[in-house]
Amino acid sequence: MKRLAAFIGFFLLFLLANRFLPEIIDPYYLHLFTLSCINVILAVSLNLINGTTGQFSLGHAGFMAVGGYTSASLTFYLGPKIIATLDFLPAILAKNFVFLFALLGGGLSAAFLGLLVGIPSLRLRGDYLAIVTLGMGEIVRVLILNVEAIGGARGFSDIPAYTNLFWIISLTALTIAAVASLTASSHGRAFLSVREDEIAAEAMGVNTTYYKVIAFVIGAFFAGMAGCLFGHYLQLLHPNSFTFLKSFEIIIMIIVGGLGSIFGAVVAAVILTLLPEALRYLGPVKDWRMVIYSLALIILMITRPQGLFGNWTPDFRRWWPFRKPQPVA
Amino acid sequence: MRKWIIFGLALSLSAGCAKRDDVIKIGEYGSLTGTTATFGVSTKNGIDMATEEINAAGGLLGKKIQVIVEDDRGLADEAASAVKKLVTQDKVVAVLGEVASSRSLAGAPICQENKIPMVTPSSTNPEVTKKGDYIFRICFIDPFQGEAMAKFAFENLKVKKAAILKDSKNDYSVGLAQYFAETFKGLGGQIVAEESYFEGDQDFKAQLTSIKGKKPEAIFIPGYYTEVGLIARQARELGLNIPLLGGDGWDSPKLTEIATLKKPGDALKDCYFSNHYAADDPNPVIQDFIKKYKAKYEEVPDAMAVLGYDAAHILYDAIKRAGSPEGAKIRDELAKTANFPGVAGQTTIDSARNARKPLVVLKIGEGGAYEYMATVNP
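Everything numeric here is computed off the predicted structure, so don't read it as measured data.

For chain A, the helix and strand inventory stands at 12 helices and 2 strands. Helices (α) and strands (β) of chain A occur, in sequence order from the N terminus, as α-α-α-α-α-β-α-α-α-α-β-α-α-α. In terms of overall dimensions, chain A is globule-like: its C-alpha atoms have a radius of gyration of 20 Å, near the 20 Å expected for 329 residues. Reported as C-alpha extents along the three principal axes, the dimensions of chain A are approximately 55 × 50 × 50 Å. Expressed as a percentage of the 329 residues in chain A, the buried residues total 46%.

Rendered as structure tokens:
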């Protein structure tokens, strides 16, 4: 009951934010907020694979691309038809219904690809997954380049601008909440055991392949949704946005934040999105923007190789209003 | 110590944000770093030159022009960030950029939404200017280049059977190939082979052998100079001595350097490509520009520099005619641009906000020198 109340409360809060924030906050900052949130979703979901479960995936940009392109095809080709059949609903509801449909389609298609790639490759240990996912990302990109219906090498433009603050905030919150509660559950313990020692985990009866595939598929699902938000925000998807460099960018985020720390992934994703933009204001040394950015990363890795937060996550439950009172020791 | 660093940062931030009303702010976004960095840098050189000329002559509307440049690292999302910053933070009156169509497509909706005119110097994808009535382009588009070369091949070179070798990963190359094929077939010609390669490939003998078997009279290769140079060399080694045709992606001093068998550029001798301007055109506007550019940057201007220079001048001219730095007025004047004497030909903006301007066909002659062949009018 309390959960339902909290859910409705958040829903209304996000709706209000969607309605009133754009009027108070400068559009440039809203833009940076949106990009930060998309990167947070990507980093938190990759953290589940690379951080918590300890598998080295290099394919997050590929999942993002699959999710983005699938959802964009859904809204671009099927969207108008769905809206036409839903004409008894107010236009704004119909539009958001289509977008929800696209989000799920994008997420599920990425998850399905994750399953396809994950089942054979996650049976192996070590660096094989990195190689397979790197290859997968490139295959996805080359496939997109050769399909004319989704723009091919010209990029997919004219995607409807469905991404708004409501979707951005709710999906970011959903991703963090889902990954956090998953990590805290018994499944999460299994993920951790796979990371710490696969042989020991298997000896204790943990089906390691099963848990690796689960983590991989869930991570891919959220990456697909991030791709959907990204495409419907920029109104453009271009294969060049999904090279392996994009995968590395996300990996850098979770390493800077501290592998395994959800809080770290969130903070690092925000910092690394804002840093290059903040450096635009440096005046005379502006041309050295990307050098300063890279230097900052190097210095950070030398001084804190475990990342900003290690695998520490603050106990936010302490501030959760609906918590049962803990017995005082 | 740390306090001082923070203080210094805050100071530089506030200095950067200081309002200056005695200048007209123009935004520019481009790939100053990344894989297409030379495009961004050349364009910036051209724009800087045009700006200095106007400022030296007293500026615009009694004020100096200040161009605020933002780098987008060649990424679409960074381009969107850069344009958003220029439009909402710096409050520029107009935006110049981008070279690549994919980045222009990311920036255009933002300019359109904020009613800030955007002029792209060299994005050739037809989609770009369809984004709205504030988006202009001052170069010709892919269809025109493909059509012009098809006509040139059919009418001037009397070619009846042509082959196409395109970079299937590159939108520019795919677009040119498509329009070339359509026009060429429409004229009564025949496309006997269509092969493709990827940017970065080194060996093209398989495709060239297959093309050779079909006995075409010319090959259309709408790619970039690195691959074109290698293709030309390997074609000659295979004994395929027919003219090669191409687009403005050929234009680079590196082209003839790569396409060298015995003498510089001999692999591309008697080949033809379309371009924005001819450096040997005696037109004083062009010669004057080349002289000034060489004096300033110590290199021969490429097409990006020329188009950046023209884009800036066309925009400044429109602002001058508008008499005010208001977006809507600048837009109206940009739309009225007619027969503007740019370095890359007389430019007229049509009702679809694209430029109608001639292109030139260049022939590669002895020693890799470009010779002016023909002007094709739209």
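To continue, consider the domain arrangement of chain B. By convention, interface size is frequently given as the accessible area that disappears when the constituent parts associate. Residues and elements named next belong to chain B. Domain assignment breaks chain B into domain 1 (20–140 + 285–357) and domain 2 (143–275). Put simply, the middle of domain 1 and the middle of domain 2, counted by C-alpha atoms, are 31 Å apart. Taken together, the 8 residues of domain 1 in the interface contact 10 residues of domain 2. Looking at side-chain class alone, the side of domain 1 that touches domain 2 contains 4 nonpolar, 3 polar and 1 charged residues.

Residue and element names in this part refer to chain B. On the basis of which strands lie adjacent, the open sheet formed by 3 strands has the order E11-E12-E13 and antiparallel pairing. Whereas interior strands pair on both sides, the edge strands pair on one side only; in this sheet they are strand E11 (340–342) and strand E13 (355–356). With 3 bridges joining them, E11 and strand E12 (residues 345–349) adopt antiparallel strand pairing. Looking across to E12, one finds that Pro 341 is bridged to Gln 346.

The strands making up a sheet are joined through hydrogen bonds of the backbone, oriented either antiparallel or parallel. Residue and element names in this part refer to chain B. Spatial ordering of the open sheet is given by E7-E6-E8-E9-E10-E14-E15, a layout of 7 strands whose pairing is mixed. Each end of this open sheet is capped by a strand with a single partner; those strands are strand E7 (190–197) and strand E15 (370–376). Neighbouring strand axes in the sheet, compared pairwise and without regard to direction, differ in orientation by 25 degrees on average. Judged from the 3 bridges that link them, strand E6 (residues 161–167) and strand E8 (residues 218–220) form a sheet pairing that is parallel. In the sheet register, Ile 164 faces E8, and the bridge partner there is Phe 220. Each of E6, E8, strand E9 (244–246), strand E10 (271–275), strand E14 (359–364) and E15 is contacted by helix H5 (residues 142–156), which is oriented at about 100 degrees to E15, the strand it contacts most. Where helix H7 (residues 205–213) meets the sheet, it contacts E6, E7 and E8, and its direction lies at approximately 170 degrees from that of E7.

This part takes up unusual backbone geometry. Residue and element names in this part refer to chain B. The step from Gly 97 to Glu 98 runs through a cis peptide bond, and the omega angle for that step is -10 degrees. The backbone phi angle of Arg 73 is positive, close to 55 degrees, even though this residue is not glycine. One can find Arg 73 in the loop between strand E2 (64–71) and helix H3 (76–89). You will see that Arg 353, though not glycine, has its phi angle at about 65 degrees, which is positive. Positionally, Arg 353 belongs in the loop between E12 and E13. Under the C-beta neighbour-count criterion, Arg 353 is labelled buried, with 24 such atoms within 10 Å.

A few words now on the environment of Lys 214 of chain B. Residues and elements named next belong to chain B. Its location among the elements puts Lys 214 in the loop between H7 and E8. On the neighbour-count criterion, Lys 214 (14 C-beta atoms within 10 Å) is partly exposed. In this structure the C-alpha to C-alpha distance between Lys 214 and Ala 163, which are 51 residues apart in sequence, comes to 8.4 Å. If we ignore the near neighbours within four places in the chain, the residues touching Lys 214 are Ala 163, Val 192 and Ala 193.

Opposite the 25 residues of chain A that make contact, chain B presents 29 residues. Among the secondary structure elements, those contributing two or more residues to the side of chain A that touches chain B are helix H2 (27–52), helix H5 (128–146) and helix H12 (289–303) of chain A. The element best represented in the side of chain A that touches chain B is H2 of chain A, accounting for 4 residues. Partitioned by chemical class, the residues of the side of chain A that touches chain B number 10 nonpolar, 10 polar and 5 charged.

Further remarks concern the nonpolar core. Judged by nonpolar contacts, the single largest core of 200 residues is most densely connected at Ala 43 of chain A together with Val 95 of chain B. Ranked by residue count, the leading element in this core is helix H9 (residues 208–234) of chain A, at 18 residues. Residues lining this core come from more than one domain, with at least three contributed by each of domain 1 (20–140 + 285–357) and domain 2 (143–275) of chain B. Not counting residues within four places of it along the chain, the set of residues in contact with Ala 43 of chain A comprises Ile 250, Met 253, Ile 254, Gly 257, Ala 265, Ala 268 and Ala 269 of chain A.

Along an α-helix, residues three or four positions apart point the same way, because every turn accommodates 3.6 residues. Residue and element names in this part refer to chain B. A rise of 1.5 Å per residue sets the reference length of H5, with its 15 residues, at 21 Å; its end C-alpha atoms lie 21 Å apart and thus fit the reference within 8%. Those residues of H5 lying buried are Asp 142, Phe 144, Gln 145, Gly 146, Glu 147, Ala 148, Met 149, Ala 150 and Ala 153. Remark: Lys 158 follows H5 within two positions and exhibits a positive phi of approximately 55 degrees.

Moving on to the pairing of E6 of chain B. Residue and element names in this part refer to chain B. Among the 7 residues of E6, 6 are classified as buried, and the element is accordingly described as predominantly covered. Bridge analysis of E6 against E7 gives 7 bridges, and the strand direction is parallel. Paired with Lys 161 across the bridge in E7 is Gln 190. Handedness of the crossover is the feature at issue here: the chain leaves E6, passes through helix H6 (residues 171–186), returns alongside E7, and the resulting connection is right-handed.

Thresholds, definitions, all that
- Residues numbered from 1 in each chain as written.
- Chains lettered and ligands numbered in written order.
- Predicted model: local features only at pLDDT ≥ 70, side-chain atom pairs only at ≥ 80, totals over all residues.
- Helix = DSSP H or I, 4+ residues; strand = E, 2+ residues; numbered from the N terminus.
- Rg over C-alpha atoms; globule rule 2.2 N^0.38 Å.
- Buried ≥ 20, exposed ≤ 12 C-beta atoms within 10 Å, placed from the backbone.
- Domains from an automatic or database assignment.
- Contact = placed C-beta atoms within 7 Å.
- Nonpolar A, V, L, I, M, F, W, Y, C, P; charged D, E, K, R; others polar.
- Pairing = 2+ DSSP bridges.
- Axes fitted to C-alpha atoms, helices over the stretch in contact; angles between N-to-C directions.
- Core = buried A, V, L, I, M, F, W, Y, C linked by C-beta atoms within 7 Å.
- Expected span 1.5 Å × (residues − 1).
- Right-handed = clockwise from strand over helix to strand, strands pointing away.

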